[in-house]
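Now for the letters of each chain:
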Amino acid sequence: MTSMPAPYDSADPLPSCRIAQAPAVPTAVVRQEGFAMYDMPSLMDGTFSHLPQALAEAGIAPIGPAFSLHHRAPVDTADLEVGFPVDSPPSAPITLPSGFVVEASELPAGRVAMTSHIGGYGGLGEAWGRFTRSVGDRGEQMVHPFWELYVTAPTPDTDPATLRTDLVSLLEPRG
């Protein structure tokens, strides 16, 4: 199995903001526009509970953790993609048992800022706030999209305090 390229390949959490150059990474995603934030659990469960099997049946292998990529800041609704980075993108749409449709996309190439959040998903809002301040303190400007890599897969037995989520944002180009 191949793995995520640098800078996404850190086995250890990133305790502070890191700036890096990231390559484009092919993905298999469910794309939604104007998706209601209150219904996010149905999107995540309806995608992540079926997508690994559907990819395997298509001969596609995930190369990294599940993620969500946001094309704008979510308020009541979100424009986002949820899925997995893959060794090759799907050549045709795949319909999941949940009714969601999987298509090819990619994590974008460019300069990125990254950090890790350790803890439950309820703390992600505060983690993004700290991360945003840290990026600004470095004289950088975040641009869309931004994404979360769910490095620790949640299970019924997982202690939420041990979950690792990597936060990533594209940065305004320099030069």
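To keep things clear, this report deals only with the structure shown in the data block. Predicted, not measured: the structure shown is a model, and the values here were computed from it. (Residues numbered from 1 in each chain as written. Predicted model: local features only at pLDDT ≥ 70, side-chain atom pairs only at ≥ 80, totals over all residues. Heavy atoms only, no water.)

### Notes on the environment of Tyr150
- Tracing the chain through its elements places Tyr150 in strand 8 (residues 142-150).
- A C-alpha to C-alpha distance of 5.7 Å links Tyr150 and Phe67, two positions 83 residues apart in sequence.
- With near-sequence residues (within four places) excluded, Tyr150 lies in contact with Met44, Pro65, Ala66, Phe67, Ser68, Tyr121, Arg164 and Thr165.
- In this structure the side chain of Tyr150 is engaged in a polar contact, spanning 2.6 Å, whose partner is the side chain of Glu148. (Helix = DSSP H or I, 4+ residues; strand = E, 2+ residues; numbered from the N terminus. Contact = heavy atoms within 4.5 Å. Polar contact = N/O pair within 3.5 Å; in protein donor to acceptor, adjacent residues only side chain to side chain.)

### Thoughts on the pairing of strand 8
- Buried residues dominate strand 8, accounting for seven of its nine residues.
- Across four bridges, the pairing between strand 3 (residues 67-70) and strand 8 is antiparallel. Looking at the pairing, Phe67 lines up with Leu149 of strand 8.
- Relative to strand 9 (residues 164-171), strand 8 runs antiparallel, the two being bridged by seven bridges. Residue Trp147 lies in a different strand from strand 9, and its bridge partner there is Val168. (Buried < 20%, exposed > 50% of the residue type's maximum accessible area, 1.4 Å probe, protein only. Pairing = 2+ DSSP bridges.)

### Here we look at unusual backbone geometry
- In this structure, the amide linkage connecting Ala6 to the following residue, Pro7, adopts the cis form with an omega of 10 degrees.
- The linkage connecting His144 with the following residue, Pro145, adopts the cis geometry, with an omega of 0 degrees.
- Looking at the secondary structure, you find Pro145 in strand 8.

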